[in-house]
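Below, each chain spelled out in residue letters.
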Amino acid sequence: MESDNKRKSSNFIYNIIEEDVKNNTFSDNRVHTRFPPEPNGYLHIGHAKAILLNYNAAKKFNGKFNLRFDDTNPAKEDTEYVESIKEDIKWLGADWEDRLFFASNYFDRMYIYAVELINKGLAYVDDLSPEEIKQFRGTLTEPGKNSPYRERSISENLKLFQAMKNGEYKDGSKVLRAKIDMSSPNINMRDPIIYRISRAYHHNTGDKWCIYPMYDYAHPIEDAIERITHSLCSLEFEDHRPFYNWVLSNLDDFKNEPPKQIEFAKLFLTKTIVGKRFLKKLVDDRKVDGWDDPRLMTIAGLRRRGVTAEAIQKFCEEIGVAKSNSTVDIAMFEHFVRDDLKPKVPRCMAVVEPVKLVITNLPEDHLEWLEMKNNQDNEDLGVRKIPFTKEIYIDRDDFMIDPPKKYHRLYPGNEVRLMGAYFVKCHDYILDVNGLVKEIHCTYDPETKSGSGFTGRKVKGTLHWVSAKVNKESEFRIYDYLIDEQPNDKDEESQKYTLNPNSLIIKKGYVESSLSEALPMQRYQFVRHGYFCVDIQNTDTENLIFNLIVSLKSSWKPV
RNA sequence: UGCCGGAUAGUGUAAUGGUAGCACUACUGACUCUGACUCAGUCUGUCUGGGUUCAAAUCCUAGUCCGGCAGCCA
């Protein structure tokens with residue numbers, strides 16, 4: 001739809017690209033984006049925004065999208081993460097085609113470019129210790145001081161840098177720095193370090209290198225080598241942009257059509273922390289069941305929870321993108337999850353907290369197969385049969401002895417509809433020794449059969465139910481937010497948030513017998529409850545495990 | 001006390017000098033064999049003060065508030 005398209009197209013990044021295309025800023029009006037993760041952790045919902053933004057920007061302008069691992073710090077990186085990241089991005093639907101790259105594949109060229117900078121008098125080897133470098137850097141309000149090694153000759157720098165590469169110095173004993181301006185008001189321009197010595201084993205290049213380029217130096221080169229046009233990154237790199245441009249403007253290969261760095265605000269969600277430290281600590285402390293625990297907003301966790309890639313895509317499009325930090329209400333995310341699942345999945349009945357209901361005017365061996373549509377909004381999903389018997393289960397909170405006003409469900413003397421079946425009227429109930437309702441006794445009215453067109457009288461409530469005789473026992477994992485209150489950044493930093501002790505509640509109940517053969521990752525709506533997904537690890541069909549994806553909304557508020 | 005950003009309903013985001021719109025949330029009501037969905041409606045907004053202009057969310061100016069920056073992390 002045109003208006004739809006127009007609405008989606010309006011964000012400041014698309015506007016910049018559109019302008020560049022119009023002005024032919026990049027030859028042939030090409031557009032080329034990339035997603036550059038460091039393989040040091042799992043991807044989460046915040047990354048999804050960045051991935052899809054890059055991917056959609058390329059797609060929108062008939063451009064290309066690369067996946068590039070920014071693996072310039074072997075101390076923190078691992079192949080395990082490379083694999084999980086590839087899987088997650090593929091699942092999200094961002095297609096890098098044959099353009100999978102690694103920054104580490106450019107190490108040779110980066111070295112040569114560093115030599116070029118030295119030859120131009122734009123880089124020097126510094127022998128200052130880390131502490132000294134810090135001191136010489138100055139502060140936010142005071143300028144830095146030049147290193148005593150700043151004026152070494154080009155030939156000496158060349159020799160020293162090569163020796164660094166050849167492993168002649170200890171880790172941390174020397175660095176290569178860009179020679180810019182120690183008094184710059186932008187600290188990132190105070191002779192930033194571009195190479196350090198580190199003998200860490202690299203997941204890709206092994207022990208070939210003992211010097212590694214720093215992000216600020218490596219990234220513009222990576223982008224330029226891949227001929228990226230628009231290099232999107234998060235807001236905290238805004239201050240780094242001058243150096244990004246400095247690198248490219250001083251390297252002969254990249255003077256033409258250098259990529260443009262554009263910063264945007266990353267995604268924050270209420271009731272959610274996606275910080276790497278936070279996630280890693282939860283996993284390490286076994287507070288959650290691995291990186292793909294359904295309560296985590298990792299891509300893997302969301303996938304296992306049953307959230308669809310389409311829901312995430314739609315959500316990421318709708319939240320838009322801007323330059324101001326903001327926190328999106330988790331309710332918005334949940335809306336798109338429901339919205340996506342609504343027409344797609346079958347609607348069935350499940351009783352999560354069972355209490356027995358006996359239909360006293362039905363014979364003991366009554367078994368009637370009733371036909372139900374699988375999805376009222378999608379006829380393609382067909383119909384199924386459900387067994388109706390004398391004894392059934394309903395959910396405990398659908399019955400009250402002393403109901404409050406406006407309670408539409410079952411109570412003594414009240415009549416409700418059993419979904420897909422008949423009206424039942426409660427005439428009695430039995431309590432157990434603890435005073436808890438043990439059995440509800442009703443009579444049914446055969447004239448009120450579902451689909452019969454009966455209009456004799458109306459009921460206010462319709463209950464879901466499951467036969468007590470023909471059914472499937474199931475486990476329901478009811479998830480809630482991992483954290484109750486939104487912690488501020490400092491809390492996240494110091495791990496001061498409190499975990500919700502009720503983030504996972506396991507309930508045992510019943511589903512319709514038609515779900516007996518449900519397979520892992522199959523999704524359903526359990527009417528009046530929410531959307532559920534058979535757990536991926538649930539290969540034992542004897543014990544079905546359903547993960548709550550998202551509950552249905554409800555305007556019913558018990559007083 | 002330095003530099004760089006930012007500020008539009010409760011939340012997120014449009015409007016590129018010309019009717020402040022969309023989505024989510026909340027609340028009303030209608031409908032309902034899901035207290036869902038759907039439909040109808042309501043509440044609520046341009047940070048502040050000046051200026052330019054026929055006309056300002058938009059341009060200028062002075063403030064206020066918020067965020068980021070002093071890793072050999074990215």
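All values reported here derive from a predicted model rather than from experimental measurement. (Residues numbered from 1 in each chain as written. Chains lettered and ligands numbered in written order. Predicted model: local features only at pLDDT ≥ 70, side-chain atom pairs only at ≥ 80, totals over all residues. Heavy atoms only, no water.)

### Overview of the domain arrangement of chain A
At step 1: The domain boundaries assigned to chain A delineate domain 1 (2-264) and domain 2 (348-472).
At step 2: The gap between the C-alpha centroids of domain 1 and domain 2 is 63 Å. (Domains from an automatic or database assignment.)

### Quick word on unusual backbone geometry
At step 1: Positioned with a positive phi, D28 is a non-glycine residue whose angle comes to about 60°.
At step 2: Tracing the backbone through its elements, the reader meets D28 in the loop between α2 (12-23) and β1 (32-35).
At step 3: Located in the positive-phi region is R528, a residue other than glycine, with phi close to 65°. (Helix = DSSP H or I, 4+ residues; strand = E, 2+ residues; numbered from the N terminus.)

### What to know about helix α7 (residues 154-165)
At step 1: Helix length check: α7 (twelve residues) gives 16 Å between terminal C-alpha atoms against 16 Å at 1.5 Å per residue, within 8%.
At step 2: Restricting attention to buried positions, one finds in α7 the residues N157, L160, F161, A163 and M164. Buried residues along α7 cover an arc of 160° about the axis, so they all sit on one side. Pointing more than 90 degrees away from the buried face of α7 are the exposed residues S155 and K159.
At step 3: Where α7 is buried, its residues contact α5 (107-119), β4 (123-126), β5 (175-178), β6 (193-197) and β7 (211-213).
At step 4: Just downstream of α7 lies G167, where phi reads positive at about 80°. (Expected span 1.5 Å × (residues − 1). Buried < 20%, exposed > 50% of the residue type's maximum accessible area, 1.4 Å probe, protein only. Arc of directions from axis to C-beta. Contact = heavy atoms within 4.5 Å.)

### Some points on the environment of F532
At step 1: Along the chain, F532 falls in strand β26 (residues 530-534).
At step 2: By relative accessible area, F532 is classed as buried at 2%.
At step 3: Sequence-distant contacts of F532, defined by excluding residues within four places in its chain, comprise F476, I478, Q522, R523, Y524, F526, F546, N547, L548 and I549.

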